[in-house]
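Inside the fold
One-letter residues, chain by chain:
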Amino acid sequence: MSKTESTPAPEAPEDEAAAGARMSTAPVEEKAQSVPGSFGGVREPGALGWLAWTGREVTGWLRWFWRQLTSMRVALILLLLLSLATIPGSLIPQTSVDSMKADSWKEAHKTLTPVYEKLQLFHVYSSVWFSAVYILLFVSLIGCIVPRTWQFVGQLRARPPKAPHRFDRLPAHTGWKTDADPEQVLAAARKELKRKWFRTAVDGNAVSAEKGFLREAGNLLFHVSLIVMLVAFASAQLWKYEGGKLVVEGDGFSNTLTQYDDFRSGSFFSPDDLPPFGFTLNGFSGTYERTGPQRGTPRDYRAHVTYWNGSDGEKRDTTIKVNEPLEIGGSKVYLQGHGYAPKVTVRDGKGNIAYQGAVASLPLDNNVTETTVLKVPDYLDKDGKKDQLGFTGYFVPTFDPRIGPFSQFPALDNPALVLTAYHGSLGIDSGVPQSVYKLDISKMKQFKEGDRAFYRALKPGETMTLPNGAGTLKFEGIRSWATFQISHKPGDGPALAGAIAAIVGVAASLFVQRRRVWVRAVRGADGRTVVELGGLGRSESAKVPEELADIAAALQPAAPPVADEPAEEPADKPERPAEPSESSEGARA
């Protein structure tokens, strides 16, 4: 029996050694550590390794956040959030729009008011959360548009793709044979494609054409228009100013801050930016429906004014109507409301004139029943002592004593002024501002006639004598007043242009179809030219077959098709062998 030789065992490969090391329970000091789920990758030991890993981690998270923010999905979500954020601004009275209405809402909802104030629901469009969504949407749109713009520029500069090898695999294809030269066919094809606004390129024996780039241009135009509108709205809020002014017939207005009854402006606006202009209300005319179910409805409001632009501007006459504002100094003057101002003369107990002028009254209903308040701070009673008078009541354009102090029609058919009087402290010396349309009677006493409260209903020209020789009030006549809103929003023009451009962009992206067409002309084996056409739609609903048929029909005059000639059979064609019969098959079997 032969002796068996022993062979040395092979060395373990490196991977097996590493696997064995991983199976060992002995502690091993690693030189680097990889953190699962991080952007930093392998963390080197030491402080420098930690700093490098932290930098990679922060950079990775920033890139991830930027990719998420600039994605179309997040842009649509932010646009939806911005639309939802405008809902409370429409339902809840905004202080910047109508402070009096907002104050009335707060008084009626005292429980919700503190919560709404913390959520900034009375200042929605200037709140922190609305501004955050607005800015994020702005950044997201820019991040979406810039890469797509460069991609679109690259597509415009690129040549149309080469013709495919087999046209029969395209969704639309056709072909025929012609006696025309291939160069003549390609030249006619390129001319026809250019006539149809295709971008063409000749590559060997084929013409490549592409059309419909306005589709992507429409998408970009739509997104750019959104940015334009966002910038316009932001500039309109930051640099805007608007205010209201009640002007009595015969009085005027100058565009200075002290002339406004109420004034609102943007964060970047300065009173020095107010353009110098003004106007005078010469008269007011209004017509109302006299009969039918719409009796009393206004039909026409016209404010006749004289305006000037600049400190030394020429004066011009014009008429301001509802929805037809006066444009002056980069601002618009809108006609908003109308009412009446009874003109009165008040004499004190000594017979001196204590007040004379028109008193603007605020309408209470559609028939222009107005509440009238008159304050006379400089007054002397019959003994020469200083005192203050206050009158409150109603001005009624069409008065019916059987119904009470409520107007029956908005026109001046039977005007009357119904007033009562108080004396005492008006409260205007305390330094606390108060409305000229409200009378504080907490420190005043009402004049009495015996045990009844004193009041009178006056017609124009009549005089009311106060009890105990306290003075008189004469109803001199009636003037009209009109309320105007002066508004300056620098972003209105760009916002309108952006809205129109957005509509054009959407229309282009919806109706423009991206498609490609190829025309190949090669010399066949029989010496004739083989013409092939193929088309491919790059978007939905592209009418490639119809367009390809039109191109083929247009090429027929330059490349008329010819029919294939039948192949001739050879004269010495061998005879076909006879079919074997069943008997012969049986014999072979």
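Residues numbered from 1 in each chain as written. Predicted model: local features only at pLDDT ≥ 70, side-chain atom pairs only at ≥ 80, totals over all residues. Heavy atoms only, no water.

1. A short note on the overall build of the protein
A count of helical and extended segments in the protein gives 11 helices and 26 strands. Each of the 589 residues in the protein was classed as buried or not, and the buried ones make up 36%. Put simply, of all contacts in the protein between residues at least 6 apart along the chain, 62% involve residues at least 24 apart. Summing over all exposed atoms, the protein offers an accessible surface of approximately 35,700 Å²; the carbon and sulfur share of this is 56%. (Helix = DSSP H or I, 4+ residues; strand = E, 2+ residues; numbered from the N terminus. Buried < 20%, exposed > 50% of the residue type's maximum accessible area, 1.4 Å probe, protein only. Contact = heavy atoms within 4.5 Å. Areas by Shrake-Rupley, 256 points an atom, 1.4 Å probe, with all protein chains shown as cover.)

2. As for the sheet that holds strand E25 (residues 515–523)
Ordered in space as E3-E26-E25-E5-E4, the five strands form an open sheet in which the pairing is antiparallel. Of all the strands in the sheet, just strand E3 (172–178) and strand E4 (199–203) have a single pairing partner and so form its edges. Ignoring strand direction, the axes of neighbouring strands in this sheet form an average angle of 15°. Relative to the sheet, helix H7 (residues 182–195) contacts E3, E4, strand E5 (206–211), E25 and strand E26 (529–537), its axis offset from that of E25 by approximately 165°. The sheet strands contacting helix H10 (residues 544–555) are E3, E5, E25 and E26, and the helix crosses E26 at an angle near 155°. (Pairing = 2+ DSSP bridges. Axes fitted to C-alpha atoms, helices over the stretch in contact; angles between N-to-C directions.)

3. Details of the sheet that holds strand E10 (residues 298–309)
Adjacent strands of a sheet form backbone hydrogen bonds with each other and so pair up, either parallel or antiparallel. Strand order in the open sheet formed by four strands is E7-E9-E10-E11, with antiparallel pairing between adjacent strands. Whereas interior strands pair on both sides, the edge strands pair on one side only; in this sheet they are strand E7 (252–254) and strand E11 (316–321). Ignoring strand direction, the axes of neighbouring strands in this sheet form an average angle of 30°. Where E7 meets strand E9 (residues 277–288), three bridges bridge the pair, whose relative direction is antiparallel. Of the residues in E9, the one forming a bridge with serine 254 is glycine 278.

4. Details of the side chain of threonine 113
For threonine 113, the position within the fold is in helix H5 (residues 112–118). On the accessibility criterion, threonine 113 (9% relative accessible area) is buried. Separated by 3.3 Å, the side chain of threonine 113 and the backbone oxygen of lysine 106 make a polar contact. When sequence neighbours within four positions are dropped, the list of residues in contact with threonine 113 reads Trp105, Lys106 and Phe122. (Polar contact = N/O pair within 3.5 Å; in protein donor to acceptor, adjacent residues only side chain to side chain.)

5. Topic: helix H9 (residues 492–511)
With 20 residues, H9 should reach 28 Å at 1.5 Å per residue; the first-to-last C-alpha distance of 29 Å fits that figure. Within H9 the residues assigned to the buried category are Ala495, Gly498, Ala502, Gly505, Ala508 and Ser509. Each buried residue of H9 lies within a common arc of 145° when the element is viewed along its axis, so the set occupies one face. Residues of H9 that are exposed and point more than 90 degrees away from the buried face comprise Leu496, Ile503, Leu510 and Phe511. Where H9 is buried, its residues touch helix H8 (214–239). (Expected span 1.5 Å × (residues − 1). Arc of directions from axis to C-beta.)

6. As for a nonpolar patch on the surface
Taken together, the side chains of Ile77, Leu80, Leu81, Leu84, Ile87 and Leu91 make up a nonpolar region of the molecular surface, amounting to roughly 580 Å² of accessible area. With respect to the secondary-structure elements, isoleucine 77 resides in helix H3 (residues 72–91). Relative accessible area serves as the criterion here: at 45%, isoleucine 77 is assigned to the partly exposed category. (Patch = residues over 30% accessible without salt bridge, like charges linked within 9 Å, V, L, I, M, F, W, Y side chains within 5 Å. Salt bridge = Lys/Arg side-chain N within 4 Å of Asp/Glu carboxyl O.)

7. Concerning the packing of aromatic side chains
The full count for this structure, using the stated rule, is 20 aromatic pairs. Over the face of the ring belonging to phenylalanine 122 we find lysine 106, whose NZ or CZ atom lies 4.7 Å from the ring centre. Geometry around tryptophan 308 places lysine 315 over its ring, the cationic atom sitting 5.5 Å from the centre. (Phe/Tyr/Trp six-rings, centres within 6.5 Å; stacked < 30°, edge-to-face > 60°. Lys NZ or Arg CZ within 6 Å of the ring centre and 35° of its normal.)

8. Thoughts on unusual backbone geometry
Notably, valine 368 is not glycine yet its phi reads approximately 60°, a positive angle. We note that asparagine 468 has phi near 60°; this positive angle belongs to a residue other than glycine.

9. Considering helix H6 (residues 128–157)
Under the 1.5 Å per step criterion, the end-to-end length of H6 is 44 Å for 30 residues, consistent within 8% with the ideal 44 Å. Every buried residue belonging to H6 is among Phe130, Val133, Tyr134, Leu137, Ser140, Leu141, Gly143, Cys144, Ile145 and Phe152, and all of these are buried. Buried positions along H6 lie against helix H2 (46–69), H3 and H8.

10. Remarks on the pattern of salt bridges
Counted according to the given criterion, the structure contains 22 salt bridges. With a closest N to O distance of 3.7 Å, glutamate 117 and lysine 106 form a salt bridge. Within this pair, whereas glutamate 117 is found in helix H5, its partner lysine 106 is found in helix H4 (residues 99–108), the two being separated by 11 residues in sequence. Each of Arg199, Glu210, Arg514 and Arg516 takes part in one network of salt bridges that share partners.

11. Digging into the confidence of the model for the protein
Per-residue pLDDT for the protein has a mean of 84; in total, 88% of the residues score no lower than 70. Counted against residues more than four places away or in other chains, residues 16–31, with its pLDDT under 50, gives two contacts. Low confidence marks residues 576–589, where pLDDT is under 50. Its contacts with residues over four positions away, or in another chain, come to two contacts. (pLDDT = per-residue confidence, 0-100.)

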